[in-house]
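Structural characterization, general
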There are 2 protein chains.
Amino acid sequence: MKKALLKNYAELLVKMGVNVQKGQELNVYASIDQVPLVTEVVKWAYKVGAKKVNVEWGCQEVSKLHYKYRTLETLSTVENWEVEKMKHRVEALPARLLIVSDDPDGMKGVDQKKIAMSRRATYPIMKPFIDQIENKEQWCIAGASSSKWAKKVFPHLSKSKAVEALWDAIFTSSRVDGHAIENWEKHNDNLTKKCDYLNSLKLKELRYTSSNGTNLKVGLIENAVFMGGNEKALGSNIIFNPNIPSEEIFTTPKKGLAEGIVYSAKPLSYQGQLIENFSVRFENGKAVEVKAEKGEELLKEMISMDETAGYLGEVALIAYDSPINNTGLLFFETLYDENASCHLALGRGFSNCIKDYEKYTKEEIDEMGINDSMIHVDFMIGSKDMSIVGITSSGEEIQIFKDGNWAF
Amino acid sequence: MKKALLKNYAELLVKMGVNVQKGQELNVYASIDQVPLVTEVVKWAYKVGAKKVNVEWGCQEVSKLHYKYRTLETLSTVENWEVEKMKHRVEALPARLLIVSDDPDGMKGVDQKKIAMSRRATYPIMKPFIDQIENKEQWCIAGASSSKWAKKVFPHLSKSKAVEALWDAIFTSSRVDGHAIENWEKHNDNLTKKCDYLNSLKLKELRYTSSNGTNLKVGLIENAVFMGGNEKALGSNIIFNPNIPSEEIFTTPKKGLAEGIVYSAKPLSYQGQLIENFSVRFENGKAVEVKAEKGEELLKEMISMDETAGYLGEVALIAYDSPINNTGLLFFETLYDENASCHLALGRGFSNCIKDYEKYTKEEIDEMGINDSMIHVDFMIGSKDMSIVGITSSGEEIQIFKDGNWAF
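The paragraphs below set out a description of the structure included in this document. (Residues numbered from 1 in each chain as written. Chains lettered and ligands numbered in written order. Predicted model: local features only at pLDDT ≥ 70, side-chain atom pairs only at ≥ 80, totals over all residues. Heavy atoms only, no water.)

**As for the nonpolar core**
In this structure, Tyr 9, Leu 26 and Trp 57 of chain A together with Tyr 9, Leu 26 and Trp 57 of chain B are the most contacted members of the largest nonpolar core, which totals 118 residues. With sequence-adjacent residues up to four places away left out, Trp 57 of chain A is seen in contact with Ala 30, Ser 31, Ile 32, Gln 34, Val 35 and Val 38 of chain A together with Ile 32, Trp 57, Cys 59 and Val 62 of chain B. (Core = buried A, V, L, I, M, F, W, Y, C linked by side-chain atoms within 4.5 Å. Buried < 20%, exposed > 50% of the residue type's maximum accessible area, 1.4 Å probe, protein only. Contact = heavy atoms within 4.5 Å.)

The structure is reproduced here in structure tokens:
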């Protein structure tokens, strides 16, 4: 990759992504092959005054061995020190930067039931802490090129050329050209304008149709708003950008109000395995039937992770004619593909999409119809000829998307 | 490296090194560039029945940034979860495998006083747990080739050839040739025979002389024994090999009984920086004067880490004509260089060198003259013409080493 752009990217992740503050901790989660990016990130974090940067290195090959050989019992155990570490996260509220670079299909062959069962066992232990942290921490997910992922995106290139090409695609998608921070300031302004217009419409339902068979209605929450780009951490009011790149305008839909069928527009990499060419049929808000040409069992496992995993947690709008989609690339990584296509998410919704959400209790938020689940998995549905019609509170029909793109 | 030898090496580390047991945890500490070796180790550990393998990845470049940018205050803080993690080590007694591969001079330029002060601050917090674990856990230190270390050992080779050459040297030194386990069984038998002979002499003092100026007397403890090769974990009685390679016969000397001067035979890499061509003068058992052509300040810092860092904690005997020394290589890494040269260690002594040590209290052990310190740093003194004379309890003089090699 171009070293100057890598530095500019690291600066973007630190200053605009997590926006780590003087005296604050930063946790960085990265794969062991990302030393060049991580060292630049660590340098920037210290330069802006971070108190301590904790780098937690992961290795997909080793993780695969754990899932293969460990018993369900040991995979389901949370040690006391791990709970204490989580408590530290609640108290210190470190900023968190997750750098994704794994092979999208690198966990192929691993028993997904075992992973699912172990996650189900450990989630309740961590849930009270996750609830306490929600909306309060600055976090950011961003990508980094790696040889296995790059070969998936560019199968016909040599390994080194593929890695370069994926870096280029990451930099382009992330508006990194030596002026990343200025670019993101403008970009965030544009996203805010779109949100303001959509919110002025007071929509109560979205109706999706496409020639691929998609025909779905999704109900919205009266006092939920559409958001996009940067967000504000609760309590500290620190502005951060949770996804780099991010092209989406999204909101949290109303639990129980989804009817019809929707077809995938791109493959989905879930826990290191691919699900391709799939459909999801909803009744009374819940996924009641899923079909997939590849990974159907995995998809079924996913929607039954807990009782609420089959309900929607996000509705996001992105023009088909988007910068990332225009690269013509399929990234096999949700961070990029979700920002190139209208998508939905199954699982947990976003309480911070509710206007003045901080004034409500968790119970009041739940009652408004925001889904709570241990999963939150985006899947891409934005086809070339997708139409989305919004129904306002007064019953008016407004064309939101036409032929895959914004209608206004 | 040759893949078959790497597998044989991993098997050796797991079965003979830490000898991890069915149902036991294993902690592996390795640098982020050691994925091939670590994955083989993890596989072997699970195959022999390890319950859980925890791999903790390190990165010297990132560590350097921490020491450069973090304040002494944050470097001196131990979080509650880190204490809890240490408690888990006390309770679960995981086997521990440390794979060394860092650049021996990779921390050059880092403020050693800052490192030393932060270690002094955190050590007392961890000390009670370290005392509880002592002699009970199975542990092993072994090496792995990396580009920066390899270029230090083989400066005239290309990077890839240097890495190969260092792997070859590691495999040769570690007796890895496809039959590593059988080789180590024989090797341990040979070391035991040497120990038995030395222990039959009932030595109370060793006198070192060499043409390089070394002239040193070191007093021994009456009921301390010489050990070498494998050891037995206290409580579990599991046999393990703490160093791979290991050629040394060693014991713990008597605190307060060291007089004279000793000259280094090889450079010493201490906390990622090199100390070269140095001497240490002892009075009443304590290092009172040190001189070094390179790294003198670092050496001074080292012997003043705490009040007892200037006392000896180990006396080790290795023939000059040893397999590792015969490679003609200088490894700049203590694990290899100490096994190619008679050496001493400054700092903590070994309570398990006392006969039936488990029957004594910590206070009784201390009273016998075993040094306790936060450091334990080996340094190499074995010259080509070194003479070592042992004085028995009856006052007899016995030639132990002559012209650098065993005299018997």
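**A word on the environment of Lys 402 of chain A**
Residues and elements named next belong to chain A. Tracing the backbone through its elements, the reader meets Lys 402 in strand S18 (residues 397–402). The exposed category is assigned to Lys 402, whose relative accessible area is 52%. For the pair Lys 402 and Glu 164, spaced 238 residues apart in the sequence, the C-alpha separation amounts to 35 Å. Not counting residues up to four positions away in its chain, the partners in contact with Lys 402 are Met 386 and Ala 407. (Helix = DSSP H or I, 4+ residues; strand = E, 2+ residues; numbered from the N terminus.)

**Looking at the packing of aromatic side chains**
This model, assessed by the stated rule, comprises 23 aromatic pairs over all chains. Note on Trp 149 of chain A and Tyr 336 of chain A: the rings are 5.8 Å apart at their centroids and 50° apart in plane angle, and the pair reads as tilted. Separated by 187 residues along the polypeptide, Trp 149 of chain A in helix H7 (residues 147–153) and Tyr 336 of chain A in helix H11 (residues 334–337) bring together distant segments of the chain. Residue Trp 149 of chain A is classed as buried on the basis of its relative accessible area, which comes to 1%. Between Phe 278 of chain B and Phe 379 of chain B, the aromatic rings sit 5.9 Å apart at their centres with planes inclined by 50°, giving tilted as the arrangement. Remark: Phe 379 of chain B occurs in strand S17 (residues 376–380) and Phe 278 of chain B occurs in strand S13 (residues 273–283); sequence separation between them is 101 residues. Pairwise contacts between aromatic rings join Tyr 197, Phe 401, Trp 406 and Phe 408 of chain A into one cluster. In this arrangement the basic side chain of Lys 47 of chain B is found over the ring face of Trp 44 of chain B, its NZ or CZ atom lying 4.9 Å from the centre. It is Lys 152 of chain B that lies over the ring of Phe 332 of chain B; its NZ or CZ is 5.9 Å from the centre. (Phe/Tyr/Trp six-rings, centres within 6.5 Å; stacked < 30°, edge-to-face > 60°. Lys NZ or Arg CZ within 6 Å of the ring centre and 35° of its normal.)

**Points about the relation of the copies chain A and chain B**
What relates the two chain copies is a rotation about an axis together with a slide along it. You can overlay chain A on chain B at an RMSD of 0.0 Å; the transform is a turn of 180° with a shift of 0.0 Å along its axis. In short, the pair behaves as if placed about a two-fold rotation axis. Interface overlap between copies is the fraction of interface residues in one copy that are interface residues in the other; for chain A against chain B it reaches 100%, indicating a shared surface. (Least-squares fit on C-alpha atoms with pLDDT ≥ 70 in both.)

**What to know about the packing of helix H1 (residues 3–18) of chain A against helix H8 (residues 159–173) of chain A**
Residue and element names in this part refer to chain A. Between H1 and H8, whose axes approach to 11 Å, the crossing angle comes to 45°. As judged from the angle between their axes, H1 and H8 are oblique. H8 is crossed by H1, and the crossing has left-handed handedness. Facing Leu 5, Leu 6 and Tyr 9 of H1, the residues of H8 in contact are Trp 167, Ile 170 and Phe 171. Looking at side-chain class alone, the contact of H1 with H8 contains six nonpolar, no polar and no charged residues. (Axes fitted to C-alpha atoms, helices over the stretch in contact; angles between N-to-C directions. Parallel < 35°, antiparallel > 145°, perpendicular 65-115°, else oblique. Left-handed = near helix turned anticlockwise from the far one by under 90°. Nonpolar A, V, L, I, M, F, W, Y, C, P; charged D, E, K, R; others polar.)

**Re unusual backbone geometry**
All names here are of chain A. Put simply, Ile 244 and Pro 245 share a cis peptide bond, and its omega is 5°. Looking at the element boundaries, Pro 245 is found in the loop between strand S8 (239–240) and strand S9 (249–251). Unlike most non-glycine residues, Leu 93 shows phi in positive territory, near 45°. Within the secondary structure layout, Leu 93 lies in the loop between helix H5 (80–92) and strand S3 (95–100). Look at Lys 202: it is not a glycine, yet its phi comes out positive at around 50°. By secondary structure assignment, the location of Lys 202 is in the loop between helix H9 (180–200) and strand S5 (203–209). Residue classification places Lys 202 among the exposed positions, given a relative accessible area of 57%.

**Details of the side chain of Thr 392 of chain A**
Counting through the fold element by element, Thr 392 of chain A comes out in strand S17 (residues 387–392). A polar contact is formed between the side chain of Thr 392 of chain A and the side chain of Ser 394 of chain A, at a distance of 3.0 Å. (Polar contact = N/O pair within 3.5 Å; in protein donor to acceptor, adjacent residues only side chain to side chain.)

**Side note on the pattern of salt bridges**
As a working rule, side chains carrying opposite charge can pair if their charged atoms are close by. Residues and elements named next belong to chain A. Enumeration over the complete set of coordinates arrives at 48 salt bridges over all chains. Its salt-bridge partner being Glu 84, residue Lys 87 comes within 3.2 Å of it at the nearest N-O pair. Taken together, the residues span about one helical turn, with Lys 87 and Glu 84 both in helix H5 at a distance of three residues. Residue Lys 87 is classed as partly exposed on the basis of its relative accessible area of 32%. If you follow the salt bridges from partner to partner, you end up with Lys 127, Asp 131, Lys 362, Asp 366 and Asp 372 in one network. (Salt bridge = Lys/Arg side-chain N within 4 Å of Asp/Glu carboxyl O.)

**Focus on a positive patch on the surface**
A cluster of basic residues, Lys 47 of chain A together with Lys 64, Lys 68, Lys 108, Lys 148, Lys 151 and Lys 159 of chain B, forms a positive patch at the surface. Elements supplying a minimum of two residues to the positive patch: helix H3 (60–69) and helix H7 (147–153) of chain B. Considering the arrangement of structural elements, one finds Lys 108 of chain B in the loop between strand S3 (95–100) and helix H6 (112–133). (Patch = residues over 30% accessible without salt bridge, like charges linked within 9 Å, V, L, I, M, F, W, Y side chains within 5 Å. Areas by Shrake-Rupley, 256 points an atom, 1.4 Å probe, with all protein chains shown as cover. Lys, Arg positive; Asp, Glu negative; His and termini not counted. Charge placed at Lys NZ, Arg CZ, Asp CG, Glu CD.)

**Description of the environment of Val 18 of chain A**
All names here are of chain A. Here Val 18 is to be found in helix H1. Sequence separation between Val 18 and Leu 98 is 80 residues; the distance between their C-alpha atoms is 9.8 Å. Setting aside residues up to four positions removed in sequence, Val 18 forms contacts with Leu 13, Leu 26, Ala 95, Arg 96, Leu 97, Gln 138, Trp 139, Cys 140 and Phe 240.

**Examining helix H10 (residues 296–303) of chain A**
Of all the residues in H10 of chain A, the buried ones are Leu 298, Leu 299, Glu 301, Met 302 and Ile 303 of chain A. Of the surrounding elements, those touching the buried residues of H10 of chain A are helix H6 (112–133), strand S11 (268–270), strand S12 (273–283), strand S13 (286–294), strand S15 (343–347) and strand S16 (376–380) of chain A.

**As for H5 of chain A**
For H5 of chain A, with 13 residues, the first-to-last C-alpha span of 18 Å sits near the 18 Å given by 1.5 Å per residue. Buried within H5 of chain A are the following residues: Trp 81, Val 83, Glu 84, Met 86, His 88, Arg 89 and Val 90 of chain A. Contacts from the buried residues of H5 of chain A go to strand S1 (25–31), S3 and H6 of chain A together with helix H5 (80–92) of chain B. Looking one or two residues past H5 of chain A, Leu 93 of chain A carries a phi angle of roughly 45°, positive in sign. (Expected span 1.5 Å × (residues − 1).)

**Quick word on the packing of helix H2 (residues 35–47) of chain A against H3 of chain B**
Interhelical geometry of H2 of chain A versus H3 of chain B gives an angle of 5° and a closest axis separation of 10 Å. The angle between H2 of chain A and H3 of chain B places the two elements in the roughly parallel class. Judged by residue contacts, Val 35, Val 38, Thr 39, Val 42, Lys 43, Tyr 46 and Lys 47 of chain A of H2 of chain A engage Glu 61, Val 62, Leu 65, His 66 and Tyr 69 of chain B from H3 of chain B. For the contact of H2 of chain A with H3 of chain B, the class distribution of residues is seven nonpolar, two polar and three charged.

**A word on the layout of surface pockets**
Of the volumes computed, that of the second largest pocket is approximately 800 Å³. Forming the walls of the second largest pocket are 26 residues, and the residues nearest its centre are Ile 32, Asp 33, Glu 61 and Ser 147 of chain A together with Val 35 of chain B. Looking at the lining of the second largest pocket, the elements with two or more residues in it are H2, helix H3 (60–69) and H7 of chain A together with helix H2 (35–47) of chain B. Counting residues per element, the lining of the second largest pocket draws most heavily on H3 of chain A, which supplies five residues. Each residue belonging to the lining of the second largest pocket can be placed in one class, and the counts come to nine nonpolar, seven polar and 10 charged. (1 Å grid on protein atoms, 1.4 Å probe; cavity = no way out; pocket = protein on both sides within 12 Å on 5 of 7 lines; lining within 4 Å. Points joined across faces, edges and corners; volume = space filled by probe spheres on them.)

**Section: the sheet that holds strand S14 (residues 312–317) of chain A**
Strand-to-strand pairing in sheets goes through backbone hydrogen bonds, with the strands running parallel or antiparallel. Residue and element names in this part refer to chain A. The antiparallel open sheet is built from four strands, whose spatial order is S9-S14-S15-S16. Edge positions in the open sheet fall to S9 and S16, since each of these has one partner strand only. Averaged over all neighbouring strand pairs, the angle between strand axes comes to 20°, with direction disregarded. (Pairing = 2+ DSSP bridges.)

**Re the interface of chain A and chain B**
On the chain B side, the residues contacting the 28 residues of chain A number 28 residues. Summed over both partners, the interface of chain A with chain B comes to about 2,900 Å²; 72% of that surface belongs to carbon and sulfur atoms. There are zero salt bridges connecting chain A and chain B. Linking chain A to chain B there are eight residue pairs in polar contact (both at pLDDT 80 or more). Only H2, strand S2 (52–58), H3 and H5 of chain A provide two or more residues apiece to the side of chain A that touches chain B. (Buried area = accessible area lost by both parts, 1.4 Å probe.)

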